[in-house]
Amino acid sequence: MSALVAAQPVDRPAPRPELRVDTTAIAANVRAAATSSGVAVMAVVKADGFGAGAVPAARAALAAGATWLGTATLDEAVALRRAGLAAPLLCWLLPIDARWEAALRLRIDLAVASHAHLRAITRAARRAGVRARVHLHVDTGMARDGAPLGAWPALVAGAAAAERAGLVEVVGVMGHLARADEPADPSNAAGVRTYRSALDAALAAGLRPTVRHLAATEAALRLPAAAFDLVRIGAGLVGIGPGLRPALTLTAPVVLTRRVEAGTPIGYGHTATTERATTLALLPLGYADGLPRRIDPRAEVLLGGRRCRVLGRVSMDQAVVDAGPRGVRPGAVATVFGPGDDGEPTAADWASWAGTIEHDVVTGIGARVARVVDGRA
Ligand SMILES: *Cc1c(COP(=O)(O)O)cnc(C)c1O
């Protein structure tokens, strides 16, 4: 019965908080990244597809021409395979004792950033009697998850030996840029140079990686020199990035309204007080649902066709908005963020009110918020 109910199309917003996912926007964003970079697209659907749902985001991206999938963790990659997605799939954030056998069995490509990881993978490949598909990961200037240049010669030599032994296939070489959102920053050109020298070292060691990838969303859109063979598009799928189409809309129904006088203190700590007689509307959405707790007093939602301020502290489960002296009709639904077409705030607005970035806002939307993909729950 619940499956039947869940399959109902949703014609109008349901009386519950919802994150509505527009897969036509995801598809348009994939095509924009492909056109602007001129190369193949990997859909990076980590962190539950940037809030959109990893599986629906992956399906929409593949249907729009993406040819690879990517995740941070192995569990995320395994979940995609279990959902029946068979496209080439890479994950890159792997503890040394990861479930390598599961990765090999499911034909999941593995990023390798240290010689210790390479050894663990070759041991697992020997036990399983298969060849592991790996992408050597070089640090191109982040001091984060790639191998430092000093460790690169030993890593490529080890990978070449493992390839000759039939235990791995070096499919790709990857890097990642720290400041691609500032295309003129000299660290980008330096990162491209580092990446090229890492590629040269791999070739000199006898490796022939066919999938060279350095760019994520911002670089795919703004740094042609970083495109190589493949761009990894994560945030861009949901419309974070210049010229892209926002794919996510967060809504919440009003659960209670009240008339209050001027001077009414609101919420924990009484951090706000009404300046006039007005109507307060209560939304069942709090910081446990990803509504940021630390926000600028200018934060707003769209309610009854008007922008309405959030008043006082955001609680764990609920937030109060100023619906104005005229109030709102019963059953009204607030739009917290969306593409902005109807005057609602965007995720970028919320990011600026919360002193963070859109990525943080969209990936923070909690599990209590129902996902509705193209109008279907
Ligand atoms: C998250 C991530 C991506 C995707 O980056 P976006 O800027 O979200 O497109 C690509 N590569 C790596 C290594 C990542 O961690």
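In this text, all values refer to a predicted model and were calculated from it rather than measured experimentally. (Residues numbered from 1 in each chain as written. Predicted model: local features only at pLDDT ≥ 70, side-chain atom pairs only at ≥ 80, totals over all residues. Heavy atoms only, no water.)

**Q** Explain the packing of aromatic side chains to me, using residue names and the numbers behind them.
**A** For any two aromatic rings, the description comes down to two numbers: the centre-to-centre distance and the angle of the planes. Evaluated as defined, the whole model comprises two aromatic pairs. An angle of 80 degrees between the planes, with centres 5.4 Å apart, marks the rings of Trp 350 and Trp 353 as edge-to-face. On the criterion of helical spacing, the pair formed by Trp 350 and Trp 353 is a turn pair, its members being three residues apart in helix α11 (residues 347-354). The same class applies to Trp 350 as to Trp 353, namely buried. (Phe/Tyr/Trp six-rings, centres within 6.5 Å; stacked < 30°, edge-to-face > 60°. Helix = DSSP H or I, 4+ residues; strand = E, 2+ residues; numbered from the N terminus. Buried < 20%, exposed > 50% of the residue type's maximum accessible area, 1.4 Å probe, protein only.)

**Q** Describe the site of the ligand, listing the residues and the values that go with them.
**A** Within the structure, the ligand sits among Lys 46, Phe 50, Trp 92, Arg 144, Met 174, His 176, Ala 216, Thr 217, Arg 232, Ile 233, Gly 234 and Ala 235. Within the backbone of Ala 235, an N or O atom sits 2.8 Å from an oxygen atom of the ligand. Most atoms of the ligand, that is more than half of them, are within 2 Å of grid points of the largest pocket. Of all the secondary-structure elements, those providing two or more residues to the shell around the ligand are α3 (46-50) and β9 (230-233). For the shell around the ligand, the per-class residue count stands at six nonpolar, three polar and three charged. (Near = heavy atom within 4 Å. Polar contact = N/O pair within 3.5 Å; in protein donor to acceptor, adjacent residues only side chain to side chain. 1 Å grid on protein atoms, 1.4 Å probe; cavity = no way out; pocket = protein on both sides within 12 Å on 5 of 7 lines; lining within 4 Å. Sits in = over half its atoms within 2 Å of the grid points. Nonpolar A, V, L, I, M, F, W, Y, C, P; charged D, E, K, R; others polar.)

**Q** Before we move on, could you go through the nonpolar core and cite the residues and values that matter?
**A** Side chains of a nonpolar character, in soluble globular proteins, are inclined to be buried together. Core analysis: the biggest nonpolar cluster contains 110 residues, and Leu 136, Trp 152, Val 301, Leu 303, Phe 337 and Trp 350 have the highest contact counts within it. Here this core takes six residues from helix α8 (residues 152-164), the largest share from any one element. Residue assignment places this core across two domains, with domain 1 (3-18 + 247-373) and domain 2 (23-238) each supplying three or more. One finds Met 42, Val 44, Val 171 and Leu 230 within the second-largest nonpolar core, a separate group that totals eleven residues. (Core = buried A, V, L, I, M, F, W, Y, C linked by side-chain atoms within 4.5 Å. Domains from an automatic or database assignment.)

**Q** Pulling in residues and values, what's your account of empty space enclosed by the protein?
**A** Rolled over the atoms, a probe sized like a water molecule indicates the empty space that remains. Within this structure, the stated rule accounts for two cavities of 30 Å³ or more. Of the pockets and cavities examined, the largest cavity occupies roughly 40 Å³. Those elements giving two or more residues to the lining of the largest cavity turn out to be α6 (100-105) and β6 (132-137). A per-class count over the lining of the largest cavity returns five nonpolar, no polar and three charged. The volume enclosed by the second largest cavity comes to roughly 30 Å³. Around the second largest cavity sit His 137, Val 138, Asp 139, Thr 140, Met 142, Arg 144, Asp 145, Gly 146 and His 176, which together line it. For the lining of the second largest cavity, the class distribution of residues is two nonpolar, four polar and three charged. (Points joined across faces, edges and corners; volume = space filled by probe spheres on them.)

Read these as spatial facts, not as claims about activity.
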